[in-house]
Amino acid sequence: MILADTPTFAYRPKEIRNGLSIPPRMTLRNIMQMMFRWNWCFSQLTAGGMPEFQTMKPYIPKGLSMKHLGLFMNKTFSGRLTEAKIAPIRDRWKGNIVIKGVVNPEDAEVAIKHGLDGMIVSNHGGRQLDRGESTIEPLKRLVPEFKGKIKIMMDSGIRNGADVTAALACGADFTWMGRTPMFGVAALGRYGGHHTFEMLKKQIQQNMEQIGCENVTDLPKHLVIPFD
Ligand SMILES: Cc1cc2nc3c(=O)[nH]c(=O)nc-3n(C[C@H](O)[C@H](O)[C@H](O)COP(=O)(O)O)c2cc1C
């Protein structure tokens with residue numbers, strides 16, 4: 001997956017206010033919160049250990065401290081994504097390539113021109129550009145022109161089954177989620193992810209029952225555009 005939605009780290013006041021940093025900082029507030037969460041502390045000490053970036057682990061140079069990891073991550077953000085950067089990746093990688101962060105037809109054209117297999121209409125969960133559109137809007141514009149030419153997927157702000165149903169009804173082939181399963185994990189620990197997906201499945205099924213749709217691929221036939 002090639003990222004087009006994070007050319008640089010955005011200014012995120014909420015994260016600054018919450019003290020989010022790499023490496024994580026131990027503050028009085030953290031310590032106070034931990035004091036009231038014995039179960040979590042115990043599981044960290046016995047099973048979990050220090051929090052780590054599991055998904056990044058294979059790519060991080062060995063022996064890097066958390067502080068240097070922050071600098072390493074900064075370096076991996078190499079600025080603007082251009083066609084010249086996409087072409088050699090396409091040449092060398094024979095598997096599927098998806099570009100994430102497409103919101104306009106010009107970029108969709110580029111994705112098709114370079115033989116990419118899919119695009120994700122994404123605004124990075126609305127955490128990059130304050131004036132970015134809700135992704136359902138570009139999705140509705142891109143589907144009529146590009147459906148069938150490239151797989152069209154969507155993320156950002158999908159919080160329940162109705163959101164998934166709406167995106168599929170607007171023509172998305174697939175939707176992704178960032179924070180929604182994380183909220184489940186935050187609330188219920190190791191069972192949270194499974195619980196979240198069970199809820200989503202039930203909500204999608206109930207939505208489909210309400211509108212009399214038997215197959216997810218038929219959802220676009222049931223799309224009703226509301227008044228603006
Ligand atoms: C904690 C966190 C870390 C993320 N890290 C990455 C990342 O490394 N690469 C990436 O493409 N997107 C990353 N994202 C963005 C997600 O891939 C996704 O676009 C976004 O979360 C979708 O919005 P949603 O959280 O409202 O579902 C991250 C999101 C969160 C919440």
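Residues numbered from 1 in each chain as written. Predicted model: local features only at pLDDT ≥ 70, side-chain atom pairs only at ≥ 80, totals over all residues. Heavy atoms only, no water.

Asp155, Gly157, Arg159, Gly178 and Arg179 are the nearest of the 14 residues found near the ligand. Contact distances for the ligand include 2.7 Å between an oxygen atom and a side-chain N or O atom of aspartate 155. Relative to its free-state accessible area of 600 Å², the ligand is covered by the protein chains to the extent of 69%. In terms of residue class, the shell around the ligand is made up of three nonpolar, six polar and five charged. Two domains each donate at least three residues to the shell around the ligand, and these are domain 1 (1–156) and domain 2 (158–228). (Near = heavy atom within 4 Å. Polar contact = N/O pair within 3.5 Å; in protein donor to acceptor, adjacent residues only side chain to side chain. Areas by Shrake-Rupley, 256 points an atom, 1.4 Å probe, with all protein chains shown as cover. Nonpolar A, V, L, I, M, F, W, Y, C, P; charged D, E, K, R; others polar. Domains from an automatic or database assignment.)

Moving on to the environment of aspartate 130. Residue position: aspartate 130 is located in the loop between β3 (118–121) and α7 (136–146). Residue classification places aspartate 130 among the exposed positions, given a relative accessible area of 67%. Residues aspartate 130 and phenylalanine 53, 77 residues apart in the sequence, show an inter-C-alpha distance of 27 Å. (Helix = DSSP H or I, 4+ residues; strand = E, 2+ residues; numbered from the N terminus. Buried < 20%, exposed > 50% of the residue type's maximum accessible area, 1.4 Å probe, protein only.)

Moving on to the pairing of β3. Of the two faces of β3, both are covered, the one formed by Gly118 and Ile120 as well as the one formed by Met119 and Val121. In the sheet, strand β2 (residues 98–100) pairs with β3 via three bridges, with the strands oriented parallel. Note on β3: the bridge partner recorded for lysine 100 is isoleucine 120. Handedness of the β-α-β unit built from β2, helix α6 (residues 105–113) and β3 comes out right-handed. Looking at chain direction, β3 and strand β4 (residues 151–154) are connected through four bridges and run parallel. When the bridges of β4 are listed, isoleucine 120 appears paired with methionine 153. Crossover connection from β3 via α7 to parallel β4: handedness right-handed. (Pairing = 2+ DSSP bridges. Right-handed = clockwise from strand over helix to strand, strands pointing away.)

Under the domain assignment, the protein is made up of domain 1 (1–156) and domain 2 (158–228). Of note, the centres of domain 1 and domain 2, computed from C-alpha atoms alone, are 21 Å apart. Contacts between domain 1 and domain 2 engage 16 residues on the former and 12 residues on the latter. When the area that domain 1 buries against domain 2 is broken down by residue, the three leading residues are Lys147, Met153 and Met154, summing to 33%. Across the contact surface, domain 1 and domain 2 share one salt bridge. For aspartate 173, the salt bridge goes to lysine 147, with nearest N and O atoms at 2.9 Å. Where domain 1 packs against domain 2, one counts seven residue pairs in polar contact (both at pLDDT 80 or more). When contributions to the side of domain 1 that touches domain 2 are tallied by element, the ones reaching two or more residues are α7 and β4. Of the residues in the side of domain 1 that touches domain 2, the class split is nine nonpolar, two polar and five charged. (Contact = heavy atoms within 4.5 Å. Buried area = accessible area lost by both parts, 1.4 Å probe. Salt bridge = Lys/Arg side-chain N within 4 Å of Asp/Glu carboxyl O.)

Let us look at the packing of aromatic side chains. By convention here, two paired aromatic rings are described through the distance between centres and the angle between planes. As enumerated under the stated definition, the model contains one aromatic pair in all. Seen from their ring centres, phenylalanine 174 and tryptophan 176 are 5.3 Å apart, and the 65° between their planes marks the pair as edge-to-face. Phenylalanine 174 gets classed as partly exposed once you look at its relative accessible area, which sits at 41%. A relative accessible area of 35% places tryptophan 176 in the partly exposed class. (Phe/Tyr/Trp six-rings, centres within 6.5 Å; stacked < 30°, edge-to-face > 60°.)

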